[in-house]
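The residues making up each chain are set out below.
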Amino acid sequence: MTLEEKTAQLVGYWLDQDGVVAPMQGEMTAAADGRTLADITRHGIGQFTRVYGTRPVEADERAAWLWAEQRRLRRETRLGIPALVHEECLTGLAAWKAATFPTPLAWGAAFDPDLVEQVGAAIGASMRELGVHQGLAPVLDVVRDPRWGRVDECIGEDPYLVGTVGTAYVRGLQSAGVDATLKHFLGYSASQAGRNHAPVHAGPREVADVFLPPFEMALHDGGARSVMNSYAEIDGVPVAANGALLTDLLRDRLGFTGTVVADYFSVAFLEVMHGIAADRGAAAALALEAGIDVELPTGDAYLGPLVERVRSGQVDETLVDRAVLRVLRQKERLGLLDDDAFRDEPPTGVDLDTPLHRDLARRLAARSLVLLANEPVTGDTPVLPLAPGTSLAVIGPNADRAEALQGCYSFANHVLAAHPDLPLGFAIPTVREALEGVSAPGTVRFAVGCDVTGTDRSGFDEAVAAASASDVAVVVVGDQAGLFGRGTVGEGNDTESLDLPGVQRELVEAVVATGTPTVVVLLTGRPYAVGWALDDEPDGHGDGAHPRRPAAVVQAFFPGEEGGPAIADLLTGATSPSGRLPVSLPRSAGAQPYTYLHPRLGGPSDVTAADSTPVRPFGFGLGYTSFVVEDLVVDPEVRSDGVLEATVTVGNTGGRDGEEVVQLYGHDLHATVTRPEVQLLGYARVALAAGESARVRFRVPAGRFAHTDLRMRRVVEPGDVQVWVASHAAASRPGGPVPTGGIVASGGGPARRPVPGSATERATVAVTGPLHEVTVRDARIVTWSVVAQD
């Protein structure tokens with residue numbers, strides 16, 4: 001291969017530049033200068049960037065074009081190597097008329113890796129049918145600050161939850177023959193003050209123990225074949241130029257042999273944003289040496305500037321060869337170098353939203369909905385599920401908008417927002433439409449009330465009138481996902497406040513003030529500070545009075561194309577809520593960053609008046625039936641390199657069938673470095689009929705207690721640990737009595753209503769044997785099984 005042919009394999013080419021879908025896209029993208037695609041690819045090309053996902057194209061027509069172009073590359077370039085095609089696939093294939101699934105934060109809320117794996121397989125099958133070889137998902141960043149705009153792309157705030165769910169998606173996608181791309185390696189979500197592309201100030205222990213484990217799991221348990229770098233700089237070193245992370249850690253320690261692709265423009269950003277490279281050639285040299293194999297989305301640095309540096313002797317050509325060999329191995333494995341590649345005919349009659357897609361989307365949406373509150377309206381009967389024949393006022397800016405059900409990386413909000421004249425191209429019933437479909441004719445009134453943003457309150461009177469004339473009001477509020485200022489959440493849409501955008505809180509309070517029982521549905525991409533809707537808080541008038549609260553609150557994290565019907569099913573009782581919070585529900589923006597995985601000094605105490613306690617804890621969620629967990633039996637002793645068994649009985653003590661997410665927690669009592677007071681060890685989603693119980697057994701590798709010690713080794717230390725099973729992270733705290741529910745404020749703040757929760761007794765386990773240094777290949781997955789059922 002000539003040097004030009006080699007570098008051509010290390011870049012992508014962006015066919016369309018229609019709308020802004022990447023940071024600084026307008027400033028960074030070079031024009032084709034009148035050249036044809038044949039001219040641009042005369043030496044070949046590594047990847048085609050987003051063939052289907054940059055502008056609205058008919059799948060059949062685009063597939064025909066792509067097959068013809070791949071054949072041209074085989075026929076007219078000297079080496080005859082086709083292009084690898086990559087696409088976004090975070091909430092489904094990001095293409096016009098393709099199914100839109102719940103956002104990853106909803107995956108986390110479902111606590112159901114098996115279902116997420118099925119979703120990944122369905123998405124991968126659509127991609128492979130259209131000639132797409134690589135998907136830019138999943139996002140394995142661990143949520144640290146809900147002010148960050150990209151929270152809706154993440155799975156949760158717990159590394160184990162992120163790792164298990166993300167690994168399941170990898171398995172599903174790759175089972176269909178599409179390479180998954182893990183992103184963003186590493187530490188991206190810890191950006192300063194929750195601002196996108198801001199510096200990261202995480203220490204090496206936090207990087208190793210919090211941000212790295214999900215990637216380890218997806219690589220070793222999921223076999224992920226590609227990794228994308230983070231835009232971040234950690235302690236002053238941009239990840240795109242950090243060989244210690246991209247080569248020493250990722251390849252030498254973790255054993256990764258696939259391709260590392262650049263997040264869009266991140267090679268050029270070494271010059272224009274980080275300021276550590278004088279020009280594109282210097283940026284290319286830094287990135288290539290650090291370990292980035294492929295520059296995306298274009299070849300601004302890895303084409304002419306890199307060739308010039310190699311020819312001048314400033315860059316060793318063996319670095320180019322190293323990257324090219326990785327790229328060619330990937331293409332060979334994907335069948336792109338086979339003699340019969342693209343000799344078949346392109347697909348026709350492609351259906352990107354099949355009944356299977358919709359069934360999976362409906363099931364995942366249903367399991368992701370989190371019931372945060374459900375108060376009695378008359379007697380002991382809670383407002384939900386709605387009684388048959390209930391007349392409804394459906395109110396709010398997100399009640400009748402399909403876009404409100406979809407995340408930032410959905411095609412509708414990512415691309416189609418720039419094409420308001422075009423339809424979505426698939427069915428996506430709104431909450432209003434779904435409720436009208438299951439209600440008696442004439443029993444649903446509708447009023448918008450206000451917009452998602454802005455201060456226009458002119459619709460309040462209509463909303464109040466609708467609520468006053470109805471038995472129950474359903475107020476649907478929250479976010480509009482978008483990119484770089486075109487929404488309230490999403491990439492580039494960071495926030496300084498965690499209050500609901502605009503005047504939406506005022507709308508809710510105006511409806512509640514009518515006295516009509518009110519159900520609030522939060523359609524959001526981040527958790528908001530909604531303690532006012534959940535807890536007793538003074539009304540601010542100094543007389544000790546408390547305003548009325550909504551009767552029920554449902555949290556939905558952008559539940560996708562079947563989200564409206566799933567919400568209607570929950571409200572009417574066709575399904576029982578079983579989602580759990582994958583992130584803590586914050587008290588305020590000023591309490592951030594916060595994580596339930598905090599050491600003792602990271603929580604509330606008597607030495608500070610500032611209260612960081614969340615309104616609702618990680619793992620929290622109510623249902624329409626009641627569960628009890630009891631009779632915990634735990635091995636009294638486990639070797640530092642062994643497996644701990646914990647068995648517990650889970651019973652459905654209510655009158656309805658339901659599913660409980662059994663959560664196993666632990667705490668290392670006396671480690672040589674501070675450890676979290678509460679740490680998720682494992683979880684199990686268990687379906688039980690009314691009155692039924694089951695004995696559930698967890699098998700926990702002792703490596704789940706591993707941490708990075710004073711010598712920066714990942715170790716399991718001998719000593720005592722505590723283990724317990726609970727319904728959420730705050731249902732039991734080591735070192736104190738098991739609460740029956742509730743967290744009180746510290747520092748003299750107002751008392752808050754108890755947080756419901758169940759917990760078993762804690763068991764102390766002795767970890768024995770020598771200090772065990774954990775290798776990256778040690779098992780990290782906790783297995784569970786139902787060993788007996790009554």
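Residues numbered from 1 in each chain as written. Predicted model: local features only at pLDDT ≥ 70, side-chain atom pairs only at ≥ 80, totals over all residues. Heavy atoms only, no water.

*Asks:* Looking at this structure, I do not really get the sheet that holds strand β29 (residues 783–789). What am I missing?
*Replies:* The antiparallel open sheet is built from four strands, whose spatial order is β18-β20-β23-β29. Edge positions in the sheet fall to β18 (627–634) and β29, since each has one partner strand and no second. Across the sheet, the mean angle from the axis of one strand to that of its neighbour is 25 degrees, orientation sign disregarded. (Pairing = 2+ DSSP bridges. Helix = DSSP H or I, 4+ residues; strand = E, 2+ residues; numbered from the N terminus. Axes fitted to C-alpha atoms, helices over the stretch in contact; angles between N-to-C directions.)

*Asks:* Sorry, what's going on with helix α17 (residues 431–438) here?
*Replies:* Helical geometry: 3.6 residues make up each α-helical turn, so side chains three or four residues apart lie on a common side. All buried positions along α17 are accounted for by V431, A434 and L435. All buried residues of α17 fall inside an arc of 95 degrees around its axis, so they share one side. In this structure, the buried side of α17 is in contact with β13 (392–395), β14 (444–447), β15 (472–478), β16 (518–524) and α20 (563–572). (Buried < 20%, exposed > 50% of the residue type's maximum accessible area, 1.4 Å probe, protein only. Arc of directions from axis to C-beta. Contact = heavy atoms within 4.5 Å.)

*Asks:* Got a minute to help me understand the packing of aromatic side chains in this structure?
*Replies:* In this structure the tally under the stated criterion is 16 aromatic pairs. In this structure an aromatic cluster arises from ring pairing among W14, W148, Y188, Y231, Y264, F265 and F269. Over the face of the ring belonging to W96 we find K97, whose NZ or CZ atom lies 4.5 Å from the ring centre. (Phe/Tyr/Trp six-rings, centres within 6.5 Å; stacked < 30°, edge-to-face > 60°. Lys NZ or Arg CZ within 6 Å of the ring centre and 35° of its normal.)

*Asks:* Sorry, what's going on with the environment of V165 here?
*Replies:* Relative to the elements of secondary structure, V165 occurs in helix α7 (residues 159–175). Sequence separation between V165 and P214 is 49 residues; the distance between their C-alpha atoms is 9.2 Å. V165 has contacts with W107, P113, V116, I155 and Y683, leaving out every residue within four places of it along the chain.

*Asks:* So what exactly am I meant to see when it comes to the state of the cysteines here?
*Replies:* Counted under the stated rule, the structure contains zero disulfides. In this structure C89 is not part of a disulfide, and its nearest cysteine sulfur, from C408, lies 14 Å away. For C89, a relative accessible area of 0% puts it in the buried group. With no disulfide of its own, C154 lies 11 Å from the sulfur of C408, the closest cysteine sulfur. For C154, a relative accessible area of 0% corresponds to the buried category. (Disulfide = S-S within 2.5 Å.)

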